[in-house]
Amino acid sequence: MAGSNSYKLDPGPLEPSVLTQQLTHRSRDIWDGSGDMILNTRKSDGSFWKCNRPAIDRSLITSLVERWRPETHTFHFRTGEATITLQDIEVLYGLPVNGAPVLGIETTRTIGDWQNICQRLLGFVLSLWDFSSSFLKVSALKAHMLSEPQLSDMATQEIVNQKARCYMFWMIAGTMMADTSSSYLKLMYLPMLEDVNAIGSYSWGSATLAYLYHFLCKSSQSIQNEIAGFLPLLQFIWKPYTDDLIESLPDYCRAGRDMWRVRVPIFCWDMVEVHLSDRVMRQFGLQQVISIPFLFDSTHFRHDRRGRPNTNWELEHAQWLPFWNE
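All of the points below concern the structure found in this document. What you see is a predicted model; the values in this text were computed from it and never measured.

Things to note about the sheet that holds strand E7 (residues 184–186)
Thinking step 1. Judged by pairing direction, the sheet is antiparallel, and its three strands sit side by side in the order E5-E6-E7 without closing on themselves. Edge positions in the sheet fall to strand E5 (131–132) and E7, since each has one partner strand and no second.
Thinking step 2. As paired elements, E5 and strand E6 (residues 135–137) share two bridges and run antiparallel to each other. Residue Ser132 lies in a different strand from E6, and its bridge partner there is Phe135.

Structure follows, in structure tokens:
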């Protein structure tokens, strides 16, 4: 009996060469009996989108985060690994996965600069109080949209474009790439919408996935109590899409099918994550094999854009961009 009392079960991993971040992972808190916190889920859409979207199940999201590993960008289940892929992004939501990465220059701008940009691109005047540094209050954009719900029959093409930018900006900064503030929109995406004919040339799908990966990695740490990103992507049934289903989809939901199984870094401004589809081949109806390690910093999610004025993120990520451009 004395021998059995001294035995202590090791929760693992027994071989730490892959899962190197266990000491700071929230699953360790659960093992120690202190990990009972349900994560707060964040979005910044001001409850404007009322299109029968599914409610976010915070308990489900928390359970998934507890199984997410930033070292592999996959959920570790008893049945094996699974993840959200570029295929899911395009098939479920029609977001383009092929195209230029969503990167830009962290230009230092005053609130006056942002006022001028918003007036020119969005078509309405904002007060100084509607801004906080490089963020716009979601309530200000919502008020404008509700004040002019429909375009006039006499609307010019410029006014049509401005209204379209309002919707796209709100969707991008408030839903697809919402942060944890809940009440502000990141203005850094707005200049990318200036040329309406070029907006579709960006890989918004891979950027949305990189953003979600980033917050999954961040919230998997024991000290975190919230998560943001496009969380509806976590609430669907993981099983291979049939060929008949894929062929029945609109062209824009399968235009990037050559990208669905690539093993490649993905980008969203300051964030670089990695799409390791070779770890989840069963999701594509294929046999799983042992994947080749991808040399990537497993603590990447600890870095962000704070304190990085005038940073050119395309140059900052130069070592990873050739993998995307191949």
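With respect to helix H3 (residues 58–66)
Thinking step 1. Among all positions in H3, only Ile61, Thr62, Leu64, Val65 and Glu66 are buried.
Thinking step 2. On its buried side, H3 packs onto helix H2 (26–32), strand E2 (68–69), strand E3 (74–77), helix H8 (204–219) and strand E8 (226–227).

Remarks on the pairing of strand E10 (residues 271–276)
Thinking step 1. Counting buried residues along E10, six of its six residues qualify, which places the element largely inside the surrounding structure.
Thinking step 2. Sheet topology note: the strand E9 (residues 263–268)/E10 ladder contains six bridges and is antiparallel. Among the inter-strand pairings, Arg263 is bridged to a residue of E10, identified as Leu276.
Thinking step 3. Taking the residues that link successive antiparallel strands as the turn, the E9-E10 hairpin has two residues, and the phi of Trp269 there is positive, at about 60°.

Some thoughts on the sheet that holds strand E4 (residues 80–82)
Thinking step 1. Reading across from one edge, E2-E3-E4 is the order of the three strands in this open sheet, with antiparallel pairing throughout. Every other strand in the sheet has two partners, leaving E2 and E4 as the edge strands with one partner each.
Thinking step 2. The pairing of E2 with E3 spans two bridges and is classified as antiparallel. Following the sheet pairing, Arg69 is matched in E3 by Thr74.

Thoughts on the packing of aromatic side chains
Thinking step 1. Tallied over the entire structure, the rule returns 14 aromatic pairs.
Thinking step 2. Seen in terms of ring centroids, Trp68 and Phe75 are 4.8 Å apart; in terms of plane orientation they differ by 70°. Their pairing is edge-to-face. The pair formed by Trp68 and Phe75 is uniform in burial state, with each residue classed as buried.
Thinking step 3. Arranged with centres 6.2 Å apart and planes meeting at 25°, the rings of Phe294 and Trp320 form a pair that is stacked. Residue Phe294 is found in the loop between E10 and helix H10 (313–316), and its partner Trp320 is found in the loop between H10 and helix H11 (321–325); the two are separated by 26 residues along the sequence.
Thinking step 4. For Trp320, a relative accessible area of 15% translates into the label buried.
Thinking step 5. Among the aromatic residues, those joined into a cluster by ring pairs are Trp68, Phe75, Phe77, Tyr213, Phe236 and Trp238.

Rules behind the numbers
Residues numbered from 1 in each chain as written. Predicted model: local features only at pLDDT ≥ 70, side-chain atom pairs only at ≥ 80, totals over all residues. Heavy atoms only, no water. Pairing = 2+ DSSP bridges. Helix = DSSP H or I, 4+ residues; strand = E, 2+ residues; numbered from the N terminus. Buried < 20%, exposed > 50% of the residue type's maximum accessible area, 1.4 Å probe, protein only. Contact = heavy atoms within 4.5 Å. Phe/Tyr/Trp six-rings, centres within 6.5 Å; stacked < 30°, edge-to-face > 60°.

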